[in-house]
Amino acid sequence: MKGVLLSGGTGSRLRPITHTGPKQLVPVANKPVLQYAIEDFKEAGITEIGVVLGNKGREEVQQFLGDGSEFGVDITYIVQGNPLGLAHAIGCARDFVGDDDFVTVLGDNILKQGIHELVDSYREGEYSAGIALQEVDNPHQFGIADVDDRGTVQHLVEKPDDPPSNLALIGIYAFSPVIFDIIEELTPSWRGELEITDALQILLDRGHSVDSHVVTGWWKDTGKPEDILEANRLVLEQHSGSVSGTIESGAEVQGRVDLHETATIRDGAVVRGPVSIAAGTVIESGTYIGPYSSIGADSTIEGAHIENSVIVGESKITTTGKIVDSLIGRGTNIESADGILPEGRRLVVGENSKLKL
Ligand code: G1P
């Protein structure tokens, strides 16, 4: 069985963070979202992975994943180019997949349980496809499945006005290669995309059976800043904490803290977990890092109060202000304006930023 990891898309909902890099490399608990998917494949015993790249952030993804050996997998890159829909992206992997069964995962999704349960369930039966489902509150925003009492999929519909259930497709699919001929027959949906949900419905219409697996642990599509913060909370919640770095005497460290071996918490700083602090970062005296914060690599935080936030990295934050519920891009400098007249906020803010002052 092979893996097909979809890593295209424009990341428009994560601007300005995605002006300078692909959404799949935004870190959650100091690990790029895409890496969670790679680890899920590996855990499910799938090590031959095709990564489908869009136009945006291609080089960055290739640079990060390399040939996969660092992650214990073997990666082949496939270029989709323009984003014409999930089915189009999957269709681009046809030569790579050949006659094998395969599992497709969306590169910007994270889920607690990984993918092995769906993969095992698909492997055990005689199916042409398998889908992972989860109950959602807003079914009109997803692909939705109508499933009978025995879990057999009856009908699938993409973003329905009148949802037949609240069971959403969560972007993990197992397929036999029969799906490729069907993808070639698809025509664009109302949103101009080739929908994998439509391809699955055609499979059903032709009498193929589609397995379904309801995922009970959390699942997060990290498309929006608030999703990144929530995914960060959910992942940090699972961490048991591991301190390899330096905690100076006089620093107050409570709860579960991941501290990289080259990171330092100085005398007079307070860190209250769950928190993750990456390589080369220094938390200076007078700083408070509160629960559900991830501070990226090579950053200095001095005197600030940070809580429930993701600092991507290479940043210098010396403001005495409070930073909460924030996603702060790479290379950001935030300093104090105290005592400088005229009083007021001094901002140099990139395109498509969102501020709450
Ligand atoms: C896509 C799929 C949809 C699925 C969703 C999961 O939607 O088309 O069926 O429920 O991913 O995240 P999109 O993110 O393209 O709106």
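These figures come from a predicted structure and were not determined experimentally.

Check the secondary structure of the protein and you find eight helices and 30 strands. Compactness check: the protein gives a C-alpha radius of gyration of 22 Å against a globular reference of 21 Å for 357 residues, within 12% of the reference. Projected onto its principal axes, the C-alpha coordinates of the protein cover approximately 70 × 40 × 40 Å. Counting only residues that meet the buried cut, the protein has 50% of its 357 residues in that class. Residue pairs in contact within the protein that sit at least 24 positions apart in sequence constitute 51% of those at least 6 positions apart. In the form shown here, the protein has an accessible surface area of approximately 16400 Å², with 44% of it arising from carbon and sulfur atoms. Looking at the protein, you have 28 positive and 54 negative side-chain charges, and the mean spots of the two groups are 6 Å apart.

Time to look at the pairing of strand β12 (residues 210–214). Most of β12 sits out of view: four of its five residues are buried. Note: strand β8 (residues 129–135) against β12, five bridges, orientation parallel. The residue of β12 that forms the bridge with I131 is S212.

One open sheet holds the six strands; their spatial order is β15-β18-β21-β24-β27-β30, and the pairing between them is parallel. Two strands bound the open sheet, and with one partner strand each, they are β15 (246–247) and β30 (333–334). With two bridges connecting them, strand β18 (residues 264–265) and strand β21 (residues 282–283) associate as parallel partners. Residue pairing in the sheet places I265 in a bridge with I283 of β21.

This next bit is on the pairing of strand β6 (residues 102–106). Taken across its five residues, β6 has five buried, putting it largely inside the fold. Bridge count between strand β1 (residues 2–7) and β6: five bridges; the pairing is parallel. In the strand pairing of β6, G3 is matched with V103. The pairing of β6 with strand β11 (residues 167–175) spans four bridges and is classified as antiparallel. Looking at the pairing, V105 lines up with I172 of β11.

We now examine helix α7 (residues 196–205). Residues three or four positions apart in an α-helix share a direction because the helix packs 3.6 residues into each turn. Burial analysis of α7 places seven of its ten residues in the buried class, which makes it a mostly covered element. Along α7, the residues that are buried comprise I196, T197, A199, L200, Q201, L203 and L204. Backbone geometry just after α7 places G207 at a positive phi near 85°.

This next bit is on the site of the ligand. The environment of the ligand is made up of 13 residues, and the closest members are G143, E158, K159, L169 and R191. Contact distances for the ligand include 3.0 Å between an oxygen atom and a backbone N or O atom of G143. In this structure, K159 approaches the ligand through a side-chain N or O atom, which is 2.7 Å from an oxygen atom. A total of 380 Å² of accessible area belongs to the ligand in isolation, and the protein chains cover 84% of it.

Moving on: the packing of aromatic side chains. With the rule as written, the count across this model stands at five aromatic pairs. Members of the aromatic cluster, connected to one another through ring pairs, are F102, Y173, F175 and F180. A cation over a ring is seen here: K2 above F96, with NZ or CZ 5.2 Å from the ring centre.

In this structure, D40 sits in helix α1 (residues 33–43). The spacing of D40 and I115 is 75 residues in sequence and 6.0 Å in space, taken between C-alpha atoms.

Attention shifts here to the sheet that holds strand β16 (residues 252–254). If you trace the five strands from one edge of the open sheet to the other, you get β16-β19-β22-β25-β28, paired in parallel fashion. In this open sheet, the two edge strands, each paired with only one partner strand, are β16 and β28 (322–324). Here two bridges tie strand β22 (residues 288–289) to strand β25 (residues 305–307), and the two strands are oriented parallel to one another. By the bridge assignment for β25, I289 is matched with I306.

This part takes up the pattern of salt bridges. All chains considered together, the criterion is met by 17 salt bridges. Residues K31 and E39 are paired through a salt bridge, measuring 2.8 Å at the closest nitrogen-oxygen approach. Exposure remark for E39: the relative accessible area of 33% places this residue in the partly exposed category. One salt bridge connects E158 with K159, and the closest N-O pair in it is separated by 2.7 Å. Classification of E158 as buried rests on a relative accessible area of 13%. Taken together, the shared-partner salt bridges connect E158, K159, R191, E193 and E195 into one network.

For the rest of this paragraph, the subject is the UniProt feature "domain: Nucleotidyl transferase" (unreviewed entry) in the protein. Per the UniProt entry, the sites bearing "domain: Nucleotidyl transferase" (unreviewed entry) are residues 2–237 in this numbering. Counting secondary structure, residues 2–237 comes out at 29% helix and 29% strand; the distance between its end C-alpha atoms is 31 Å.

About the criteria used
Residues numbered from 1 in each chain as written. Predicted model: local features only at pLDDT ≥ 70, side-chain atom pairs only at ≥ 80, totals over all residues. Heavy atoms only, no water. Helix = DSSP H or I, 4+ residues; strand = E, 2+ residues; numbered from the N terminus. Rg over C-alpha atoms; globule rule 2.2 N^0.38 Å. Buried < 20%, exposed > 50% of the residue type's maximum accessible area, 1.4 Å probe, protein only. Contact = heavy atoms within 4.5 Å. Areas by Shrake-Rupley, 256 points an atom, 1.4 Å probe, with all protein chains shown as cover. Lys, Arg positive; Asp, Glu negative; His and termini not counted. Charge placed at Lys NZ, Arg CZ, Asp CG, Glu CD. Pairing = 2+ DSSP bridges. Near = heavy atom within 4 Å. Polar contact = N/O pair within 3.5 Å; in protein donor to acceptor, adjacent residues only side chain to side chain. Phe/Tyr/Trp six-rings, centres within 6.5 Å; stacked < 30°, edge-to-face > 60°. Lys NZ or Arg CZ within 6 Å of the ring centre and 35° of its normal. Salt bridge = Lys/Arg side-chain N within 4 Å of Asp/Glu carboxyl O. UniProt positions renumbered as here; feature names shortened; annotations may be inferred.

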